[in-house]
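As a plain string of letters, each chain reads:
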Amino acid sequence: MGSANPNRRPSVNAVGRHSGQRPTGRFALVIGASRVNNVVVSRIVQDCGIKPVASNATEAIGLLEDTSPILIVLEGKLDADGVSCLLEKLTSKQETGNAPPTIYLTSDGAREVTGYRFSAIAKMPVTVETLRPLIDRLASEHHRDRN
């Protein structure tokens, strides 16, 4: 898991942006409206040895139809465009036991009531020191549950 070199900084091109192609292998969906936050979170995910795929909520719904991310990191307001539909999709996956762990990044620290059970909630701004342990723990738990 944590085998990535913590001193190595990936280039901006190394951070995956959903390109319409189906992602393969171990990947995490990084979902948010802010491109800057997506890049920051994607770099932290990548430092954990997981391929980040950044998208908005609407793109993520399509990705969840035919792919299986090992982790989802969701940033932003839960009532924003597409997010409620995404949470409905995740809730149905959660009910069948097929939902990946989901980290919600909140700017105000509030636990918004949505009916969806997040695996973890972290307050923005995130740092490597706060987000990386969450990603490592949830990804390893997801891997252990799948084997």
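The structure presented is a predicted model; accordingly, all values stated were derived computationally and were not measured.

Caption draft 1: Representation of the packing of helix α2 (residues 57-66) against helix α3 (residues 83-95). One way to put it is that α2 packs onto α3 with a least axis distance of 8 Å and a crossing angle of 25°. Taken together, the axis directions place α2 and α3 in an arrangement best described as roughly parallel. As α2 packs across α3, the resulting crossing turns out to be left-handed. On α3, the residues that touch A57, A60, I61, L64 and E65 of α2 are V83, C85, L86, K89, L90 and K93.

Caption draft 2: Focus on α3. Given a rise of 1.5 Å per residue, 13 residues ought to cover 18 Å, and the 18 Å separating the end C-alpha atoms of α3 matches this to within 8%. Tucked inside the fold, the buried residues of α3 contact β2 (27-31), α2, β4 (71-75) and β5 (102-106). The positive-phi residue at the C-terminal boundary of α3 is G97, with phi of around 80°.

Caption draft 3: The arrangement of the nonpolar core in detail. In this structure, V41, V45, L71, I103, L105, L131 and I135 are the most contacted members of the largest nonpolar core, which totals 21 residues. Elements with a minimum of two residues in this core: β2, α1 (35-47), β4, β5, β6 (120-123) and α4 (128-146). Of all the elements, α4 adds the most residues to this core, at five residues. For V45, the residues in contact, after removing those within four places along its chain, are A28, V30, I50, P52, V73 and I135. Among the nonpolar cores identified, the runner-up in size contains 19 residues, and I31, L64, L78 and V83 belong to it.

Caption draft 4: Layout of the pairing of β2. Burial runs high along β2: five of the five residues are buried. By the alternation rule, side chains of β2 split into F27, L29 and I31 and A28 and V30, which are all buried. Pairing between β2 and strand β3 (residues 51-55): five bridges, direction parallel. Looking at the pairing, L29 lines up with V53 of β3. Tracing the backbone out of β2, into α1 and back to the parallel element β3 gives a crossover that is right-handed. Where β2 meets β4, four bridges bridge the pair, whose relative direction is parallel.

Reading the values: the criteria
- Residues numbered from 1 in each chain as written.
- Predicted model: local features only at pLDDT ≥ 70, side-chain atom pairs only at ≥ 80, totals over all residues.
- Heavy atoms only, no water.
- Axes fitted to C-alpha atoms, helices over the stretch in contact; angles between N-to-C directions.
- Helix = DSSP H or I, 4+ residues; strand = E, 2+ residues; numbered from the N terminus.
- Parallel < 35°, antiparallel > 145°, perpendicular 65-115°, else oblique.
- Left-handed = near helix turned anticlockwise from the far one by under 90°.
- Contact = heavy atoms within 4.5 Å.
- Expected span 1.5 Å × (residues − 1).
- Core = buried A, V, L, I, M, F, W, Y, C linked by side-chain atoms within 4.5 Å.
- Buried < 20%, exposed > 50% of the residue type's maximum accessible area, 1.4 Å probe, protein only.
- Pairing = 2+ DSSP bridges.
- Right-handed = clockwise from strand over helix to strand, strands pointing away.

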